[in-house]
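Reading the structure
So the chains spell out like this:
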Amino acid sequence: MSKIITKFVCSQCSYESIKWLGRCPSCNSWNTFVEEVVEKGPIRRKARELTAVPLNTITNEDIFRFSTGIGELDRVLGGGIVPGSLVLLGGDPGIGKSTLILQVSNYIAQNQKVLYISGEESLKQIRLRSLRLAINSENIFLSNEQNIDMLEDYISKLDPQLIVIDSIQTVYTSTLTSIPGSVSQLRESTAKIMEIAKKLEKAVFLIGHVTKEGAIAGPKVLEHMVDVVIYLEGEKNFSFRLLRGIKNRFGSIDEIGLMEMTSLGLKEIPDPSYLFLSSREEKGSGIATGASIEGSRPILIEIQSLVTPSGPGYARRMASGIDQNRLSLIIAVLEKKKGYQFANFDVYLKVTGGLFLKDPAVDLAIAAAIISSYSELYLSGDTIFMGEIGLSGQIRLIPNLDMRLREAERQGFKKAVIPQLLGRKDFDTSLEIIELSRVEDFINLLMEG
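The structure reproduced in this document is the subject of the present report. Model, not experiment: these values are computed from the prediction. (Residues numbered from 1 in each chain as written. Predicted model: local features only at pLDDT ≥ 70, side-chain atom pairs only at ≥ 80, totals over all residues. Heavy atoms only, no water.)

**Thoughts on the packing of helix α8 (residues 324-338) against helix α11 (residues 439-448)**
Two numbers describe how α8 lies on α11: the axes approach to 10 Å, and their chain directions differ by 85°. It follows that α8 is roughly perpendicular to α11 by the angle criterion. Note on element contacts: α11 touches α8 through V439, E440, I443 and N444, opposite V333, L334, K337 and K338. (Axes fitted to C-alpha atoms, helices over the stretch in contact; angles between N-to-C directions. Helix = DSSP H or I, 4+ residues; strand = E, 2+ residues; numbered from the N terminus. Parallel < 35°, antiparallel > 145°, perpendicular 65-115°, else oblique. Contact = heavy atoms within 4.5 Å.)

**As for the pairing of strand β16 (residues 317-320)**
Relative to strand β17 (residues 345-351), β16 runs parallel, the two being bridged by four bridges. Its bridge partner lying in β17, S320 is registered against K350. This β-α-β element, β16 to α8 to β17, shows left-handed connectivity. (Pairing = 2+ DSSP bridges. Right-handed = clockwise from strand over helix to strand, strands pointing away.)

**Overview of the packing of aromatic side chains**
Tallying each qualifying case throughout the model produces six aromatic pairs. Taking the centre distance of 5.7 Å and the plane angle of 40° together, the rings of Y340 and F342 count as tilted. Residues Y340 and F342 agree in their burial class; the two are buried. Relative to F442, the ring of F385 has its centre 5.8 Å away and its plane inclined at 85°; by these criteria the two rings are edge-to-face. Remark: F442 occurs in helix α11 and F385 occurs in strand β19 (residues 383-385); sequence separation between them is 57 residues. Each member of the pair F385 and F442 is classed as buried. Aromatic ring contacts, followed pair by pair, group Y340, F342, F345 and Y374 into a single cluster. (Phe/Tyr/Trp six-rings, centres within 6.5 Å; stacked < 30°, edge-to-face > 60°. Buried < 20%, exposed > 50% of the residue type's maximum accessible area, 1.4 Å probe, protein only.)

**What about the sheet that holds strand β10 (residues 240-248)?**
Judged by pairing direction, the sheet is mixed, and its nine strands sit side by side in the order β6-β5-β7-β8-β4-β9-β10-β11-β12 without closing on themselves. Looking at strand neighbours, the two that pair on one side only are β6 (140-143) and β12 (265-268), the edges of this open sheet. For this sheet, the mean angle separating the axes of adjacent strands, direction not counted, is 25°. Strand direction decides the pairing type here: strand β7 (residues 162-166) and strand β8 (residues 203-208), joined by five bridges, are parallel. If you follow I163 over to β8, its bridge partner there is V204.

**Remarks on the environment of V87**
For V87, the position within the fold is in strand β4 (residues 86-91). With relative accessibility at 2%, the residue V87 sits in the buried group. Separated by 119 residues in the primary sequence, V87 and L206 place their C-alpha atoms 6.0 Å from one another. Aside from chain neighbours lying at most four places away, what touches V87 is L77, V204, F205, L206, V228 and I230.

Here it is, written out as structure tokens:
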């Protein structure tokens with residue numbers, strides 16, 4: 001005889017309690033407990049054969065990847081889709097998640113079958129999107145089935161290479177009485193999908209909703225269960241989209257993919273540096289160019305700064321594209337080493353293109369943009385700045401300098417300001433190299449023009 005049990009589950013971390021709590025004792029979030037009804041029956045264990053095998057007996061001959069047909073997505077995935085993997089794709093509403101997955105499905109459907117399960121859109125709505133994207137494949141099978149317990153039956157009937165579930169918040173398992181999208185349903189449905197994917201060696205794409213803060217909706221355990229977590233980022237009013245890997249059990253999480261939304265779907269951007277520098281001028285106040293390594297490739301980025309006198313109260317520090325604390329550190333070094341008085345000035349900083357930069361090598365470009373705006377200096381558009389700024393005012397060495405310099409030369413730059421390399425002069429580049437070791441020397445260089 002089954003028994004109905006009521007429990008309360010934190011929607012942020014899946015902590016369970018027998019009573020409602022205002023504050024979660026695990027993640028300290030407020031008002032995140034939701035009521036869940038669980039039907040428990042007697043536990044019956046089936047006799048199973050032990051299948052543990054020695055590690056060295058597992059061959060890698062059958063381990064392979066297959067392409068999505070979109071090079072930028074393959075890059076973020078680590079080289080392609082791994083059979084049996086679970087990929088979670090998140091992003092804001094209307095950003096292009098379903099469009100991207102339908103394009104991937106169309107490529108794979110050239111040789112294999114694809115099962116597309118949609119709990120949000122009707123089959124006619126998906127068909128309208130496919131017509132807009134010029135997709136008309138007989139190997140893409142659509143279904144509105146929301147009961148995930150039926151998934152294995154669909155697989156045994158169709159034998160698809162790829163399974164798409166749009167979205168994970170709309171499916172449910174009948175073993176639970178809670179509604180689709182609840183914490184328990186998300187956890188149990190994902191666990192069931194993962195078991196099927198691993199057992200049958202089928203790749204699965206899950207589309208996930210995001211919260212207003214931009215995180216995947218539902219318990220954090222959802223991201224722990226899947227193999228790959230990818231975010232599709234960008235502004236809906238702009239055509240550029242960015243794929244960013246947050247978790248990847250089969251590759252690096254440092255790779256990003258850049259695409260553009262067109263009337264025929266998402267198109268790859270083969271030359272991201274040209275995109276981010278397409279509007280650069282010969283001269284400009286508050287504009288400097290730096291080089292960031294994103295994954296395995298260098299990207300040249302334009303940094304824009306605006307320094308203006310502040311009104312009453314505290315001066316403002318606002319940054320778009322870098323951490324605001326990092327901006328404050330660079331400003332503090334400039335004040336300490338050269339005596340700039342930023343206390344009475346608002347400082348605004350923007351990274352063009354919508355990228356968020358973590359690479360410390362763009363510190364020098366940030367400092368150059370701030371000094372340029374503060375002093376109304378016009379920096380030459382053919383000069384690029386590369387280097388990390390230490391709190392002592394030292395310009396520190398950065399990795400992959402050769403790669404950055406080659407990309408700068410390819411984009412038409414003439415000069416490069418870099419950290420002092422202690423005698424190394426073997427760069428294979430025609431750029432004029434200026435080596436500096438201190439922030440004071442860097443500021444003097446800018447002032448001299």
